[in-house]
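Residue-level structural notes
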Amino acid sequence: MTSGGRFADAAFGRKLLVAAIACVAVVAGVAIGLSANKAIWEGWVTDRLFQVRANMRGTQEEARAPVAVVGLDQTSLNSEKLQPIPRVLMTPVFAEAGQAVLDAGALALGYDFVFAYSADAFRDPRTGEARLTGLDQPFKQFLYRNRGKVFIAHTEIGVPHRIFSGAAGEGAVRTVTVDSDNDGVVRRHKPQPPLIESPSLVDGLLAKAGYAGQEEYVAIPSARLATSMPYLSLLDVLKMKSSEAGKEELRRFVEGRIVLFGGLLPFEDEHLYSDRFLPQVPPDMSETGSNGRPPVRLHTAGVYMLADFIASALSGRIAVTPPKGVVPALAVLFAVTGVLLGLILPSVVLPFVAVVGAAAALGISLIGLDYGLMLAPGVAPVAFISSLVFAAAGKVLILQRRQRALVRLFGHYLAPDVIKQMAQSEQLPELGGDTRNVVVAFIDIVGFTKMSEKLADQDVVRVVNSSFDAIGEVITAHKGYIDKYIGDAIMAVWNAPNTVDKPEQAAVDAARQIIDMLDHLRTITGQAPLDLRVALNAGPALVGDIGGEHRRSFTVMGTTVNTASRIEAVAKDKKVRLAISQSVAQELPRSYPVKEIWTGKLRGLSTDISVFTLDVAEMYMEASDQVPAVKTKRRSRKLLKFPR
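Residues numbered from 1 in each chain as written. Predicted model: local features only at pLDDT ≥ 70, side-chain atom pairs only at ≥ 80, totals over all residues. Heavy atoms only, no water.

Right, let's talk about the overall build of the protein chain for a bit. The secondary structure content of the protein chain amounts to 22 helices and 20 strands. Taking all 644 residues of the protein chain together, 48% fall into the buried category. Considering only residue pairs separated by 6 or more positions, the protein chain has 75% of its internal contacts joining residues 24 or more positions apart. (Helix = DSSP H or I, 4+ residues; strand = E, 2+ residues; numbered from the N terminus. Buried < 20%, exposed > 50% of the residue type's maximum accessible area, 1.4 Å probe, protein only. Contact = heavy atoms within 4.5 Å.)

All right, on to the pattern of salt bridges then. Oppositely charged side chains are able to pair whenever their charged atoms sit close together. Under the counting rule described, the total for this entry stands at 27 salt bridges. Residue R187 pairs with D47 through a salt bridge whose shortest N-O separation is 2.9 Å. Here D47 lies in helix α2 (residues 42–57) and R187 lies in the loop between β5 (185–186) and β6 (188–189), a separation of 140 residues in the sequence. By the burial criterion, R187 is buried, and D47 matches it. As a salt-bridge pair, D120 and K140 come within 3.2 Å of each other at their nearest N and O atoms. Of the two residues, D120 is situated in the loop between β2 (108–112) and α5 (137–145) and K140 in helix α5; the sequence distance between them amounts to 20 residues. According to the relative accessible area criterion, K140 is buried, its value standing at 17%. Residues joined by salt bridges that share partners form a network here, namely D47, D181, D183, R187, R188, E216 and R276. (Salt bridge = Lys/Arg side-chain N within 4 Å of Asp/Glu carboxyl O.)

What follows is about the nonpolar core. One finds I471, W494, L536 and L578 to be the most contacted residues of the largest nonpolar core, which totals 44 residues. Ranked by residues supplied to this core, first place goes to helix α17 (residues 457–477) with 8 residues. Setting aside chain neighbours within four positions, we find I471 in contact with I443, I490, I514, M517, L521 and L532. In this structure, V70, A95, M240 and F253 belong to the second largest nonpolar core, which totals 39 residues. (Core = buried A, V, L, I, M, F, W, Y, C linked by side-chain atoms within 4.5 Å.)

On to the packing of aromatic side chains, then. In total, this model carries 17 aromatic pairs according to the counting rule given. The interplanar angle of 50° and the centroid separation of 4.7 Å between the aromatic rings of F115 and F139 together place this pair among those described as tilted. Of this pair, F115 sits in the loop between β2 and α5 while F139 sits in helix α5; the two residues are 24 residues apart in sequence, bridging distant segments of the chain. Judged by relative accessible area, which is 7%, F115 ranks as buried. (Phe/Tyr/Trp six-rings, centres within 6.5 Å; stacked < 30°, edge-to-face > 60°.)

Once that is clear, we can look at a nonpolar patch on the surface. Side chains of V332, V336, L340 and I344 sit close together on the surface and give an oily, nonpolar patch of about 350 Å² of accessible area. Relative to the elements of secondary structure, V336 occurs in helix α12 (residues 326–344). (Patch = residues over 30% accessible without salt bridge, like charges linked within 9 Å, V, L, I, M, F, W, Y side chains within 5 Å. Areas by Shrake-Rupley, 256 points an atom, 1.4 Å probe, with all protein chains shown as cover.)

Judged by pairing direction, the sheet is antiparallel, and its 3 strands sit side by side in the order β6-β7-β12 without closing on themselves. At either end of the open sheet lies a strand with only one pairing partner, and these are β6 and β12 (318–320). Bridging between β6 and strand β7 (residues 217–219) involves 2 bridges; their strand directions are antiparallel. Looking at the pairing, R188 lines up with V218 of β7. Against the sheet, helix α11 (residues 302–315) touches β6, β7 and β12, its axis set at about 110° to β7. (Pairing = 2+ DSSP bridges. Axes fitted to C-alpha atoms, helices over the stretch in contact; angles between N-to-C directions.)

Structure follows, in structure tokens:
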């Protein structure tokens, strides 16, 4: 099989692995995302979306609210008119206020009170006298007279007294029980059609206002209900009905609206509602009577919630569950997006991508609210982040592991930088290359031929491998690249294929360290005569992939390489272990003891060059041969200095 075929198979295998990781990550992301639907924390996200929506819209004038609240608050109870009356004996007051509201033009009334006690049933415990008989007569007459327009409440544990139920008529007693989500917060109402026959007080009042919706919905409040809901205290209503000007003001307030009466005392019938994070409406921008409103509390009064369920449905401030398939489709869309980004992008940016993706998913849920759709805001962000994590983990644990294995395997034969590029692209590099300045080294084992004549073949291999392994470790440590092994010699390169700062100095330092470990090499090989020669040259060379489609090699070519090979002959002639060209010597720091040992024309070259060594004892093989002639001796003892 050709190398191209092997890489094609590897690429195909990698694509299959990527596809498998992508499929697993998408399935996991969708499954985890859908499991977040109606999770306990999703309600918190929903309420925060309401907050973001309200803050984006700001405080603005809205259409006239279809519902108003009349509250039995602390101000009313402390008033001169109501302070002497026990709350269980206030039915005449509620009759008086309720009739005033209906006369002012309200569509219908709902009492969020359970009138469980009748004054007619009271008997003096001492005398047995029915002293309160007739006290509830005005309220009974009020209920009877306005049958069909007035609803009274019952709860799971409390029902109205039978005389009030009878006076109100069939269908007038309805439940005010609300259901909370799994996090304990009230958000949604489910109408029970036909609404006019529903057991719910909210449904009965919606029917009176002409609402015909049947789907469960989530009310979308725009501000804290305690500051935004049109509100009159019970005392306000009683005062308004006592004058013509007050009656006109009351008419402007309640005409055409559903009106709910309820208690607004602290800690009575309070719930967590989805308005808990919303801004408050300034007092001058809300509809309120002269006696103001009760203070805003963390929990929301039950009568406000009932009023908001009615007002939101009539105003269109609701969100319903989208058609089947929309939420799963969103989960799939964001899971696929998360997988693609997790596989393509580097790991370091994925936390930022996760935040941006989750924000985009929440943004879609926010837009969905404007279209009346509750798009399960926890599903898409969780699907995106989950799939992103699974894809990134798969890439790191499997794909990058394969790349590292490929780099380790072929790194013994090719340059690590070249292998990394091949592993990432799954393709062979283009044939050819570019020209760059490099330092080329030829490192030769001296006397190898004579040595090999005396050794068995396996010992020859052991000596060469031991020497090359130790030398190669030094070359790599100094950022060099072993280009090839040529019999008993090594060709090494600096500044290709990687980039090396000050390659000349790095090559000379590597050569010095290699020569310094001669004693170590002799020990591990068991060959006392073993010696080394190193030749260095710097200059431009062609660097790249050379060969054909069936066999190729990453190497360097050109005059710079040939010159380095020729310099080795000078080293042999001058019996030095290190010989360097002038192009290398002139780039070394001044502290390096550079010494010229030869000038002339090398074989195959047309111009003279100078060859140098380092004037230290270990660079000379034979001390007596350091200086061949007296004339040369005077010149060669002078250390050369090159302009820096």
